[in-house]
Amino acid sequence: MKHTDPPIIVEQDFKTTATKVWNAITQCEAMKLWYFDNIPSFIPEVGFTTQFEVQSGDRRFPHKWRITEVIPNKKISYHWSYDNYSGEAIVSFELFELNNTTKLVLTNTILSDFPSNIPEFTTESCTQGWQYFIQQQLKDYLEKEI
C-alpha cells in the first residue's frame with residue numbers, strides 16, 4: 001500500500017443505534033469479541049496508545065495504535081503502524097444514524113508507504129481484511145447483541 005493509493009473504504013449498515021455500534025468499536029471487551037482478541041486495552045480518548053501482536057503465518061505484526069480523533073457516537077480515528085515495518089495509516093470509523101439504522105463508514109488512508117514485498121500489506125489484502133472485520137465479524141457480533 002502506497003501513500004498515493006486511494007483510501008480503502010468499507011461501509012456497512014446495522015439495524016441498531018449508533019450508541020450500540022459505538023460501544024462495539026470502542027469498548028475493549030467488545031472489541032475482543034469481533035476484532036482482535038488480544039487488544040490489551042483501549043480507551044476512546046485522543047492520545048491514548050496501545051500495542052499488541054498479530055501473527056500471520058511465520059510473520060509477526062506488532063500493531064501500534066494512537067487515537068487521533070474522537071467525536072462520541074460519531075467518529076473515532078487512530079494512527080496505525082507496526083514495529084519493525086515501515087508504513088503508517090489513519091483508520092477512521094464514522095457512524096451515521098437514521099431511523100434506528102446505523103451506517104458505519106471505515107476509511108483507511110495511507111500516510112506513508114508499507115513494504116511492497118509483504119502480502120499482508122497489499123491493497124487487496126487490506127481491503128479483504130476490513131471487509132471481513134466490518135461486514136462479517138462486526139455485523140455478526142451486533143446481530144447477536146440486538
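Bear in mind the structure is a predicted one, so any value in this text is a computation, not a measurement. (Residues numbered from 1 in each chain as written. Predicted model: local features only at pLDDT ≥ 70, side-chain atom pairs only at ≥ 80, totals over all residues. Heavy atoms only, no water.)

> Which residues make up the packing of aromatic side chains, and what are the values?
For any pair of aromatic rings, geometry is given as the distance between the ring centres together with the angle between the planes. All chains considered together, the criterion is met by 30 aromatic pairs. Plain terms: the ring middles of Phe114 and Phe121 are 5.1 Å apart, the flat faces sit at 35 degrees to each other, and that makes the pair tilted. Here Phe114 and Phe121 have matching classes, each one buried. (Phe/Tyr/Trp six-rings, centres within 6.5 Å; stacked < 30°, edge-to-face > 60°. Buried < 20%, exposed > 50% of the residue type's maximum accessible area, 1.4 Å probe, protein only.)

> Break down unusual backbone geometry for me, with residues and values.
For Asn73, which is not glycine, the phi torsion reads 65 degrees and is therefore positive. Position of Asn73 among the secondary structure elements: in the loop between β3 (59-71) and β4 (75-82). Of the residues examined, Asn73 reaches a relative accessible area of 30% and is grouped as partly exposed. A positive phi angle, close to 75 degrees, is found at Asn84, a residue other than glycine. Its location among the elements puts Asn84 in the loop between β4 and β5 (85-98). Owing to a relative accessible area of 75%, Asn84 belongs among the exposed residues under this scheme. (Helix = DSSP H or I, 4+ residues; strand = E, 2+ residues; numbered from the N terminus.)

> For the pairing of strand β1 (residues 8-14), give the residues involved together with the corresponding values.
In β1, alternate side chains face the same way, and those of Ile8, Val10, Gln12 and Phe14 are buried while those of Ile9, Glu11 and Asp13 on the opposite face are not. Summarising the sheet, β1 and strand β6 (residues 101-112) pair through seven bridges and their orientation is antiparallel. Counted as the bridge partner of Val10 is Leu106 from β6. (Pairing = 2+ DSSP bridges.)

> Which residues make up the nonpolar core, and what are the values?
Soluble, globular proteins show a tendency: their nonpolar side chains are buried together. Counting 44 residues, the largest nonpolar core has Trp34, Tyr35, Phe93 and Trp130 as its most contacted members. Elements represented by at least two residues in this core include exactly β1, α1 (18-26), α2 (28-34), β3, β4, β5, β6 and α3 (123-145). When residues in this core are grouped by element, the largest group, seven residues, is from α3. Every residue in contact with Trp130, bar those within four places of it in the chain, is listed here: Ile8, Val10, Tyr35, Trp80, Val91, Phe93, Leu106, Asn108 and Gln135. (Core = buried A, V, L, I, M, F, W, Y, C linked by side-chain atoms within 4.5 Å. Contact = heavy atoms within 4.5 Å.)

> So, the pairing of strand β2 (residues 49-56): which residues are in play, and what are the values?
Two strands pair when backbone bridges link them, and β2 and β3 are joined in this way by eight bridges, in the antiparallel orientation. Residue pairing across strands places Glu53 opposite Pro62, the latter belonging to β3. Adjacent in sequence and paired antiparallel, β2 and β3 are bridged by two residues, among which Gly57 carries a positive phi angle near 65 degrees.

> Before we move on, can you summarise the sheet that holds β5 with the specific residues and values?
Hydrogen bonding along the main chain pairs the strands of a sheet, whether they run parallel or antiparallel. Reading across from one edge, β1-β6-β5-β4-β3-β2 is the order of the six strands in this open sheet, with antiparallel pairing throughout. The open sheet is flanked by β1 and β2, the only strands paired with a single partner. Across the sheet, the mean angle from the axis of one strand to that of its neighbour is 25 degrees, orientation sign disregarded. In the packing of α1 onto the sheet, the strands contacted are β1, β3, β4, β5 and β6, and the crossing angle to β5 comes to about 160 degrees. α3 contacts β1, β4, β5 and β6 of the sheet and is inclined by roughly 15 degrees relative to β1. (Axes fitted to C-alpha atoms, helices over the stretch in contact; angles between N-to-C directions.)

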